[in-house]
Amino acid sequence: MSKENGLFRPMEYFKPISVEEAVKLLAQYGEKGAAIAGGTDVLAMKDPRIEVIIDITNLGLNYIKSDRQGLRIGATTTLADIETSPVLSNSPYNIIARAAHKVGSPLIRNLGTIGGNLCNASPSADTPPPLLALGAKLTLVSSRQSREVPLDEFFAGPFRSIKGHDELLTEIVVPPLSPRTGTSYQWLTKISGIDESLVAVAACVVFDGKGEVIKDARIGLISVAPTPMRARKAEEMLRGKEASDGLVEIVAKIVAEETRPRSRADYRRDMSAVLAERTIKEAIARAKGTTK
Amino acid sequence: MINVTLNVNNDDYQVEVAPYHTLRDVLRDKLGFTDVKTGCGEGECGGCTVLVDGRPVTSCLMLAAQAQGKKITTASGLATNGKLHPLQEKFIEYGAIQCGYCTPGMVLVAKALLDKNPHPTEEEVRVAISGNICRCTGYQQIVEAIMATVNETN
């Protein structure tokens, strides 16, 4: 019937109605069990090791909330809902919506979820750079415990994360925004439409109370290393400095030096510097309120 | 095997499905909805597009079991009492159909767009169909047919 590709043939399907029930099933089945929400990665990959499907769409993890504690996005929120969310637009958080819009196609975005995009852990996943730049943390729940993991500690290698087989990603938490925060997310793709980013950079810049000195900076990148990464040396060079084009140009070159691209390395490194310069400048301008 | 009730084009169908059967498998192979096409099986071509609760999705990436309790619309469900939907009429009129393989998906995506946004710009139409590949027309006639439907209903 369906495309035979290593014989993906799970023989059991569960649809738990609580996180407690879901994590019990994940613990019970371990590597043989797969949590599925939108299914756009699980069913595209058709891993023959999967014997049990655990449908996590009925756990109430579909929400986008923002308050003084920050932003909370439920793991099974679809990319389409994130893309169009009024909670994210008109705010520095909107780079998350831009990232969601970038994933796949409109059809895939109606099914695929932000949790799925993160847990698939592709080196080219579209949602990590803005979340890295905004300092996101992930809530991982198992029968034993609930833990919060900074996103920059989540990725272990291409398509590998530190999430255990018995753990469920329930929520993405983004800290509240400081005043005078500006963000930007830009990318180059191989071809238009559904294709992956060749290089993508997200920058978040926070100015001090007077709006003159950069208090904090975070830069997230994909497709230039085995995992989504932060350019920490570059970030450090921005902190405590006054913003200037000259500084940004130097920092952009540091970003490129921090990348570890595998294929098309020279081009990706060069483009990392180009996009880093553009996104840092745009984030600075937005933080200062001189552009939208 | 699991027993599911699928609501397709306003009719309920009781089917027995395996956990690994996709919605596409069941609609086309078990229930005979051949307007749901087999393309790539990976969600990249849009040939298997159906509407689930009014939203276009690639049915090859959805398990049949997950469609329980949802309202599914296929292209053949757009005509009412033998009368074609205006989108279908315009597709014919504007030569937007050549081999016909992308057509069910294109029409469904267009319908979902117009239900949500009755006055899309051409750019919005092109974004809406960006997940549906056409190898024949070059997309121009498809976009024109959709814009003509927009203009006629206004």
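Keep in mind that what you see is a predicted model, and the values were worked out from it rather than measured.

## Some remarks on the overall build of chain A
(1) Moving on: For chain A, the count of helices and strands is ten helices and 14 strands.
(2) Moving on: A compact globule built from 292 residues would reach a C-alpha radius of gyration of about 19 Å, and chain A, at 19 Å, matches this within 12%.
(3) Moving on: Projected onto the principal axes, the alpha-carbon positions of chain A cover approximately 60 × 45 × 30 Å.
(4) Moving on: Across the 292 residues that make up chain A, the buried fraction comes to 51%.
(5) Moving on: Contacts in chain A between residues at least 24 apart in sequence constitute 63% of all its contacts with a sequence separation of at least 6.

## A word on the overall build of chain B
(1) Moving on: A tally of helices and strands in chain B yields five helices and five strands.
(2) Moving on: Helices and strands appear in chain B in the N-to-C order β-β-α-β-β-β-α-α-α-α.
(3) Moving on: The C-alpha atoms of chain B give 15 Å as radius of gyration, which agrees with the globular expectation for 154 residues (15 Å, within 12%).
(4) Moving on: Judged by the C-alpha coordinates and their principal axes, chain B covers about 45 × 30 × 25 Å.
(5) Moving on: Expressed as a percentage of the 154 residues in chain B, the buried residues total 51%.

## A word on the domain arrangement of chain B
Residues and elements named next belong to chain B.
(1) Moving on: What the domain assignment lists for chain B is domain 1 (2-77) and domain 2 (86-152).
(2) Moving on: Measuring from the centre of the C-alpha atoms in domain 1 to the corresponding centre in domain 2 gives 21 Å.
(3) Moving on: Taken together, the contacts link 15 residues of domain 1 with twelve residues of domain 2.
(4) Moving on: Those elements that provide at least two residues to the side of domain 1 that touches domain 2 are β3 (49-52) and β4 (55-58).
(5) Moving on: For the side of domain 1 that touches domain 2, the leading source of residues is β3, giving three residues.
(6) Moving on: For the side of domain 1 that touches domain 2, a count of residues per class yields six nonpolar, six polar and three charged.

## A short note on the nonpolar core
Across soluble globular proteins, you tend to see nonpolar side chains buried next to one another.
Residues and elements named next belong to chain A.
(1) Moving on: Within the largest apolar cluster, 138 residues are counted, with the highest numbers of intra-cluster contacts made by Val205 and Ile219.
(2) Moving on: For this core, the leading source of residues is strand β12 (residues 197-207), giving ten residues.
(3) Moving on: Apart from residues no more than four positions distant in its own chain, Ile219 is found in contact with Ala133, Val201, Ala203, Arg230, Ala231, Ala234, Glu235, Val255 and Ala276.

## Examining the sheet that holds β4(B)
All names here are of chain B.
(1) Moving on: Spatial strand order, β2-β1-β5-β3-β4: five strands in an open sheet with mixed pairing. Edge positions in the sheet fall to β2 (11-17) and β4, since each of these pairs with one other strand and no more. Going across the sheet, the axis of each strand differs from the next one's by a mean of 40°, ignoring polarity.
(2) Moving on: Here β3 pairs with strand β5 (residues 71-73) via two bridges, running antiparallel. Note that in β5 the partner of Leu51 across the bridge is Thr73.
(3) Moving on: Across the sheet, helix α3 (residues 103-116) lies against β3, β4 and β5, angled at about 30° from β3, the strand it touches most.

## Overview of the pairing of strand β4 (residues 64-67) of chain A
All names here are of chain A.
(1) Moving on: Here β4 pairs with strand β5 (residues 70-74) via four bridges, running antiparallel. The residue bridging Ser66 from the neighbouring strand is Leu71, located in β5.
(2) Moving on: Hairpin connection of β4 to β5: two residues between the antiparallel strands.

## A look at the interface of chain A and chain B
(1) Moving on: Contacts between the two partners involve 23 residues from chain A, matched on the other side by 26 residues from chain B.
(2) Moving on: Those elements giving two or more residues to the side of chain A that touches chain B turn out to be β1 (12-14), α2 (42-45), β3 (52-55) and α5 (106-109) of chain A.
(3) Moving on: Broken down by element, the residue count for the side of chain A that touches chain B peaks at three residues, all from α5(A).
(4) Moving on: Classifying every residue of the side of chain A that touches chain B by side-chain character gives 13 nonpolar, six polar and four charged.

## Comments concerning the domain arrangement of chain A
Residue and element names in this part refer to chain A.
(1) Moving on: What the domain assignment lists for chain A is domain 1 (12-55), domain 2 (64-174) and domain 3 (181-288).
(2) Moving on: Inter-centroid distance (C-alpha atoms) of domain 1 to domain 2 is 19 Å.
(3) Moving on: Listed as interface residues are 14 residues of domain 1 and, on the opposing side, 18 residues of domain 2.
(4) Moving on: The dominant element in the side of domain 1 that touches domain 2, judged by the number of residues it contributes, is helix α1 (residues 19-29), at six residues.
(5) Moving on: Partitioned by chemical class, the residues of the side of domain 1 that touches domain 2 number seven nonpolar, four polar and three charged.

## Brief notes about helix α2 (residues 86-93) of chain B
Residue and element names in this part refer to chain B.
(1) Moving on: Every buried residue of α2 is listed here: Leu87, Gln88, Lys90 and Phe91. Looking straight down α2, one finds its buried side chains confined to an arc of 165°; they lie on one side.
(2) Moving on: Where α2 is buried, its residues touch α3 and α5 (140-152).

## Quick word on unusual backbone geometry
(1) Moving on: Here A:Arg180, not a glycine, exhibits a phi torsion of approximately 60°, which is positive.
(2) Moving on: Relative to the assigned elements, A:Arg180 resides in the loop between β10 (168-174) and β11 (181-189).
(3) Moving on: Unusually for a residue other than glycine, B:Tyr139 sits at a positive phi of about 75°.
(4) Moving on: With respect to the element layout, B:Tyr139 can be found in the loop between α4 (122-128) and α5.

## A few points about the sheet that holds β5(A)
Residue and element names in this part refer to chain A.
(1) Moving on: In spatial order, the strands read β4-β5-β10-β6-β7; together these five strands make up an open sheet with antiparallel pairing. The open sheet has two free edges, formed respectively by β4 and β7 (146-150), since each of these has just one partner strand. Recorded for the sheet is a direction-independent mean angle of 20° between the axes of neighbouring strands.
(2) Moving on: Contacts between α1 and the sheet are confined to β6 (137-141) and β10, with β10 contributing the most and set at about 125° to the helix.

Calculation notes
- Residues numbered from 1 in each chain as written.
- Chains lettered and ligands numbered in written order.
- Predicted model: local features only at pLDDT ≥ 70, side-chain atom pairs only at ≥ 80, totals over all residues.
- Helix = DSSP H or I, 4+ residues; strand = E, 2+ residues; numbered from the N terminus.
- Rg over C-alpha atoms; globule rule 2.2 N^0.38 Å.
- Buried ≥ 20, exposed ≤ 12 C-beta atoms within 10 Å, placed from the backbone.
- Contact = placed C-beta atoms within 7 Å.
- Domains from an automatic or database assignment.
- Nonpolar A, V, L, I, M, F, W, Y, C, P; charged D, E, K, R; others polar.
- Core = buried A, V, L, I, M, F, W, Y, C linked by C-beta atoms within 7 Å.
- Pairing = 2+ DSSP bridges.
- Axes fitted to C-alpha atoms, helices over the stretch in contact; angles between N-to-C directions.
- Arc of directions from axis to C-beta.

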